[in-house]
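# Architecture at a glance
Residues per chain are reported as follows:
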Amino acid sequence: MPGTIVMKFGGTSVADAERLRNAARRIVQKREQGQRVVAVLSARGKTTDELIAMAEEVSPAPAPRELDMLLSAGERISCALCAMAINDLGHRAISMTGSQAGIVTDTSHTKARILDVRADRIRSALEEDSIVLVAGFQGVSTARDVTTLGRGGSDTTAVAVAAALEAEVCEIYTDVAGVYSADPRIVPQARLLPVLSFEEMLEMAASGAGVLQLRSVEYARNHGVRIHCRSSFEDRPGTVVVSEIETMEHPLITAVTHSTGEARVTLLGVPDKPGVAARIFGALADADVNVDMIIQSEPAGEGSSAEVSFTVPRDDLRVSRQTLEGLAPELGISSIVTDEEMGKVSIVGAGMRSHPGVAAKVFTVLGDEEINIEMISTSPIKISCVIGGEHVPRAVRALHSAFELSGDGTEQPEEPFRPPGQ
Ligand code: ADP
Ligand code: ASP
Ligand code: MG
């Protein structure tokens, strides 16, 4: 619809009454400038974590369908409250659950994928001059159950709604001023990146830059949605994510990203014969586990057995273990060893494609810091190293400084980032 814009506010941006009213004011401001506005909200503050903790208090392995029913409540609270605040500002607002907004997903509870957005109800509300508030992070499955979209999923709701409405832009309002050359909570001198290509943003999100959920970036690229990630506390431009053709420069290295949520699984005594890897990773895929790096080695003198190590998100470790324990006797795997405290640092940059020596420099920097590299993986524009979780902040700072990502000062944010409330 012409003149439509989608604004998404994250959890910190609606954490208390004052911030929620602030979000309501920003939404109304856009409406008063003549735009039709759909706002997608996240659950307030730590609500989602608290709901997960509540579930775990009553059940060690909560049923995924019921977990989704519980978790979806957080976003509904935010939307209902924001609609009240907007009404008080003299505008008409209507809140909708994911299901009411027409977000249809597959049946994969707790990490469902959006299949379709049937946006007629949003459209008619906009035509009636209402501001529409859509509960992020949730949908209704093809089996008519409530689903959620994985942590950080409200970003994807916003992008999907923007695509369905052919909105001019999908604005992601968050607690930092945009996407930086490293997580500004770890590197206060990190540089705000005014423009990023989808390709770079995809690699950044995939390697831990949680400022945008990976799926939201994939969705935006596939549907041509323009993303503008910006501060909900200040009114200044943030980061625009655009297609390759629109980005002008390709710096060698754009950013250092990290994750501290990795776990490693090592399978010992894996029979070295065709089809075994397919069985292992097929079973993990069927269990919806996202496997990241994989290494297979044949310990010297072991003859016909190999060792297979791979990383998974720590949240998927329990399911991975269960799946593999079921498979081990049949395949003849002798033991399963897990390591919960792994982390990962990566450097991302479209310019590295044509520059040799970047990987060597990464390894030297980590070596100088006496940080042992456990696993390595590369793509044309990314180098990732799995390291002990405790070394991650030091590794990020060392790489950010070695690749001189703070910039020359001209592009620095006016002042170094400070977390809100400090
Ligand atoms: P929201 O609740 O608004 O969705 P998130 O916590 O999901 O916010 O994402 C914002 C956070 O992402 C920031 O507070 C920041 O710590 C983190 N982050 C990690 N990497 C980056 C990066 N490269 N640039 C900006 N923020 C980053
Ligand atoms: N509330 C959900 C989460 O904490 C979704 C989101 O914030 O995007 O992961
Ligand atoms: Mg988020």
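Throughout what follows, the structure given in this document is the object of discussion. (Residues numbered from 1 in each chain as written. Chains lettered and ligands numbered in written order. Predicted model: local features only at pLDDT ≥ 70, side-chain atom pairs only at ≥ 80, totals over all residues. Heavy atoms only, no water.)

### Some thoughts on the site of ligand 1
Around ligand 1 sit 17 residues, and of these T174, D175, Y180, D183 and R185 come closest. Between R185 and ligand 1, the recorded distance is 2.8 Å, taken from a side-chain N or O atom to an oxygen atom. Taken by itself ligand 1 offers 570 Å² of open surface, and the protein chains cover 84% of this. (Near = heavy atom within 4 Å. Polar contact = N/O pair within 3.5 Å; in protein donor to acceptor, adjacent residues only side chain to side chain. Areas by Shrake-Rupley, 256 points an atom, 1.4 Å probe, with all protein chains shown as cover.)

### Re the nonpolar core
Counting residues in each nonpolar core, the largest one holds 46 residues, and the members touching the most others are V6, V38, I122 and M201. Considering each element in turn, this core owes the most residues, seven residues, to helix α5 (residues 154-165). Setting aside chain neighbours within four positions, we find M201 in contact with V179, L196, V211, L212, V217 and V241. (Core = buried A, V, L, I, M, F, W, Y, C linked by side-chain atoms within 4.5 Å. Buried < 20%, exposed > 50% of the residue type's maximum accessible area, 1.4 Å probe, protein only. Helix = DSSP H or I, 4+ residues; strand = E, 2+ residues; numbered from the N terminus. Contact = heavy atoms within 4.5 Å.)

### With respect to the site of ligand 2
Every residue close to ligand 2 is listed here: S42, A43, T48, E75, F137, R151, G152, G153 and S154. A distance of 2.8 Å separates a nitrogen atom of ligand 2 from a polar atom in the side chain of T48. Residue S154 places a main-chain N or O atom 3.0 Å away from an oxygen atom belonging to ligand 2. Expressed as a share of its isolated accessible area of 260 Å², the protein-covered part of ligand 2 is 86%. In terms of residue class, the shell around ligand 2 is made up of two nonpolar, five polar and two charged. (Nonpolar A, V, L, I, M, F, W, Y, C, P; charged D, E, K, R; others polar.)

### Some remarks on the packing of aromatic side chains
In this structure the tally under the stated criterion is two aromatic pairs. Between the aromatic rings of F9 and Y173, the centroid separation amounts to 4.7 Å while the plane-to-plane angle is 10 degrees, which identifies the pairing as stacked. A residue pair is termed long-range when its members are at least 10 positions apart, and F9 in strand β1 (residues 4-9) and Y173 in strand β9 (residues 169-174) qualify at 164 residues. The exposure classification of F9 matches that of Y173, with both residues buried. Relative to F310, the ring of F281 has its centre 5.2 Å away and its plane inclined at 75 degrees; by these criteria the two rings are edge-to-face. Linking F281 in helix α8 (residues 276-286) with F310 in strand β15 (residues 305-313), this pair joins segments that are 29 residues apart in sequence. Taken as a pair, F281 and F310 share a single burial class, namely buried. (Phe/Tyr/Trp six-rings, centres within 6.5 Å; stacked < 30°, edge-to-face > 60°.)

### Thoughts on the sheet that holds strand β5 (residues 114-117)
Adjacent strands of a sheet pair through backbone hydrogen bonds, lying either parallel or antiparallel. Across the sheet, which stays open at both edges, the four strands sit in the order β5-β4-β7-β8 with mixed pairing between neighbours. The sheet is open, and its two edges are formed by β5 and β8 (146-148), each paired on a single side. Adjacent strand axes in the sheet meet at a mean angle of 45 degrees, parallel and antiparallel pairs treated alike. Bridge analysis of strand β4 (residues 103-105) against β5 gives three bridges, and the strand direction is antiparallel. Across the sheet, V104 pairs through a bridge with D116, a residue of β5. Across the sheet, helix α3 (residues 64-88) touches β7 (138-141) and β8, and the angle it forms with β8 is around 75 degrees. (Pairing = 2+ DSSP bridges. Axes fitted to C-alpha atoms, helices over the stretch in contact; angles between N-to-C directions.)

### What to know about the pairing of strand β18 (residues 382-388)
Summarising burial for β18: seven of the seven residues are buried, a large majority. Note: strand β17 (residues 375-379) against β18, five bridges, orientation antiparallel. Residue pairing across strands places I376 opposite C385, the latter belonging to β18. Taking the residues that link successive antiparallel strands as the turn, the β17-β18 hairpin has two residues.

### Notes on the packing of helix α1 (residues 17-32) against α3
α3 packs onto α1 with a crossing angle of 60 degrees between their chain directions and a minimal axis gap of 9 Å. Relative to α3, α1 is oriented oblique. For the element pair α1 and α3, the recorded crossing hand is right-handed. Within the contact between the two elements, α1 uses L20, R21, A24, I27 and V28 and α3 uses S78, L81, C82, A85 and I86. Class assignment of the residues belonging to the contact of α1 with α3 gives a composition of eight nonpolar, one polar and one charged. (Parallel < 35°, antiparallel > 145°, perpendicular 65-115°, else oblique. Left-handed = near helix turned anticlockwise from the far one by under 90°.)

### A closer look at the pairing of β7
Relative to β7, β4 runs parallel, the two being bridged by two bridges. When the sheet's bridge partners are listed, T105 is paired in β7 with S141. Across three bridges, β7 lies against β8 in antiparallel orientation. When the sheet's bridge partners are listed, V140 is paired in β8 with V146.

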